[in-house]
Amino acid sequence: MKRRRGGQADTHGLFTLALGLRAPWKVVEVEFSREAKELKLWVDFDRGESFPCPRCQAEGAKGYDTAEKRWRHLNFFEHRCYLHAWVPRVKCQECGAIGQVEVPWARSDSGFTLLFEAMVLALVREMPMRALAELVGEHDTRLWRVLHHHVQQALSEQDLSALKRVGIDETASRRWHRYVSLFFDLDAARMVFGTSGKDKATVVGFRQHLEEHGGVAEAIEEVACDMSPAFLKAVEEQLPEAEVVIDRFHLMKLLNDAVDAVRRQESKENPLLKRTRYLWLKNPSNLNVQQRSRLESLRTHRLKTGRAYAMRLTFQEFFAQPDRESGEQFLKRWYFWATHSRLEPMIKAAKTIKAHWARVLNWFRYRTTNAMLEARISVLQAVKARARGYRSDRNLITMAYLLGGQLKFHLPTHAW
C-alpha cells in the first residue's frame, strides 16, 4: 500500500495525542467505516528520521526501507480499532546490524498493541477465556499466546531466594485423571510453580525451577502436601532438609471423603439421605437456616452418616489443641473412637492418619494458618471453575499463575 502523508492535520494531531505517540511517530491518516465498524489509524514518520539500533540501541540508525504492519488496538467506542504503521528497517553504523526497529506501542510479532494486551490480562482474571474471546472478537488461541508470553516473561524475573515453606496441591486438568500440580510459597501465599502430573517428576521439576530462580533446595524447611506416596518420596529425595506436614486442608478433605462414602453406602437403603451430600461436607455455621434445620432433623434419625459427621466435626478440635503433646493425646482418643465405629470408610481414614502420625503432628510446629490455606484453595477453586475452556495443561497452569502467582507484568496502563 502507498504510504499516506496528507490529510486533516487537526484530526491527525488529536489521534497522535490520544495514542500518546512521540516523535518521530505520528498519525498521518484516519479511516472510519461505519459499515465494517472499524477505525483504522495509519502511523508514519518523516523521511530522514533516525532510530535506535534494535540490537545495540545505539542512536542514529537510518532507515532504508519499510514494511507495513498492523496491530489490533483498544476499541474506539463499539468499533474495532487497528493501527497500521510503516516500520523501517535500519543498518546500525556502530555494530553493523540490520534489523527492523521496535515500535513503542507493541512487542515484536504480537499483532496486538501493548494496551490491548494489558486489557486482556486484566479481563481474563474476571471472566472465562471463551467469553473474553467473544467479547473482543479474537480467536482464543491468539489470546492464549499473549498470556503465555507475559506469564513466562514475569516468571523469568521470579526471585525464590527467600523460599522456605512450600505447599503442594494437585487439581484435575481434564477428564480421565489428568492432573496438574501447583506449588505455593506458604509465607507469601502465592503460587510459584506449576507443572503437569502429580508424581515424583513434579517435585523434580519444582527443584529445578527453584534453583533456576535463586532458591536452594536444602533451605526448604517445610512442605505441606497430601499423603500421596509419590509426593512424599520425592520430597524426601529432592528437598532433603524439609519436614513434611499433612496440613488441615488435606486432613479435612480425607475425612470429608470418608463421610461422603458412608452417606453413599447408607443412601442405598435410606431415602432420607438423597440429595444431602453438601449438608454433610460443611460445618453447621456455614449452612443457611433451611439447610441447618434439615441437617438437625436428619441427625435425630441416628444415621450412620450422622455418626461419621460427628467424628469429622470433632476432629477439627485437633487444630485447637495448645501444643503437640495435647494434640497427640487428642488424636489417640479420636483414633480409638473412629477405629471402633464399625464404619469402614472412617476406619480407613483413621488408619491413613495413623500411617502419617508424625507428619500430622508436625502441624503444631509450623501451624499453617487458615489464611495461607485459603489462598491456596481459592486459586484451586478458581482454576477448576474455569477448566472446561482450557484445551491444554499449559493453559490451565498459565491461568493459575495469573490468579495466584502475584506476578509483576511490565505493561502500560496508559498510552505510550
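Bear in mind the structure is a predicted one, so any value in this text is a computation, not a measurement. (Residues numbered from 1 in each chain as written. Predicted model: local features only at pLDDT ≥ 70, side-chain atom pairs only at ≥ 80, totals over all residues. Heavy atoms only, no water.)

Draft legend 1. Expanded view of the overall build of the protein chain. Scanning the protein chain for helices and strands turns up 16 helices and 11 strands. Scaling as 2.2 N^0.38, a compact globule of 416 residues should have a C-alpha radius of gyration of about 22 Å, whereas the protein chain reaches 29 Å, well beyond that. Counting only C-alpha atoms, the protein chain reaches 90 × 50 × 35 Å along its principal axes. By sequence separation, contacts in the protein chain at least 24 residues apart represent 59% of the contacts at least 6 residues apart. When the accessible area of the protein chain is evaluated, it comes to approximately 21,900 Å², of which 49% is carbon and sulfur surface. Side chains of the protein chain give 66 positive and 50 negative charges; the mean places of these two sets differ by 7 Å. (Helix = DSSP H or I, 4+ residues; strand = E, 2+ residues; numbered from the N terminus. Rg over C-alpha atoms; globule rule 2.2 N^0.38 Å. Contact = heavy atoms within 4.5 Å. Areas by Shrake-Rupley, 256 points an atom, 1.4 Å probe, with all protein chains shown as cover. Lys, Arg positive; Asp, Glu negative; His and termini not counted. Charge placed at Lys NZ, Arg CZ, Asp CG, Glu CD.)

Draft legend 2. Examining the pairing of strand E1 (residues 26–33) more closely. Sheet topology note: the E1/strand E2 (residues 38–44) ladder contains 7 bridges and is antiparallel. Looking at E2, one finds that Phe-32 is bridged to Leu-39. The antiparallel hairpin formed by E1 and E2 contains 4 residues in its connecting segment, where Lys-37 sits at a positive phi of about 55°. (Pairing = 2+ DSSP bridges.)

Draft legend 3. Region of interest: helix H16 (residues 393–404). In a regular helix each residue adds 1.5 Å, so 12 residues correspond to 16 Å; H16 covers 16 Å between its end C-alpha atoms and thus fits that length. Most of H16 is tucked away: 10 of the 12 residues are buried. All buried positions along H16 are accounted for by Asp-393, Asn-395, Leu-396, Ile-397, Thr-398, Met-399, Ala-400, Tyr-401, Leu-402 and Gly-404. Where H16 terminates, the next one or two residues include Gln-406, which has phi positive at roughly 50°. (Expected span 1.5 Å × (residues − 1). Buried < 20%, exposed > 50% of the residue type's maximum accessible area, 1.4 Å probe, protein only.)

Draft legend 4. Here's a closer look at helix H10 (residues 304–315). The end-to-end C-alpha separation of H10 is 17 Å, in line with the 16 Å expected for 12 residues at 1.5 Å each. Along H10, the positions that sit buried rather than exposed are Thr-305, Gly-306, Ala-308, Tyr-309, Met-311, Arg-312, Leu-313 and Phe-315.

Draft legend 5. Quick peek at the pairing of strand E5 (residues 79–91). Buried residues dominate E5, accounting for 10 of its 13 residues. Bridging between E2 and E5 involves 6 bridges; their strand directions are parallel. For Lys-40, the partnering residue across the bridge sits in E5 and is Tyr-82. With 12 bridges connecting them, strand E4 (residues 61–76) and E5 associate as antiparallel partners. By the bridge assignment for E5, His-73 is matched with Cys-81. Joining the antiparallel neighbours E4 and E5 is a turn of 2 residues, in which Phe-77 adopts a positive phi near 55°. Direction of pairing for E5 relative to strand E6 (residues 98–100): antiparallel, over a ladder of 3 bridges. Counterpart to Lys-91 in the pairing with E6 is Ile-98. Linking E5 back to E6 in an antiparallel pair, the connection comprises 6 residues, with Gly-96 at a positive phi of about 80°.

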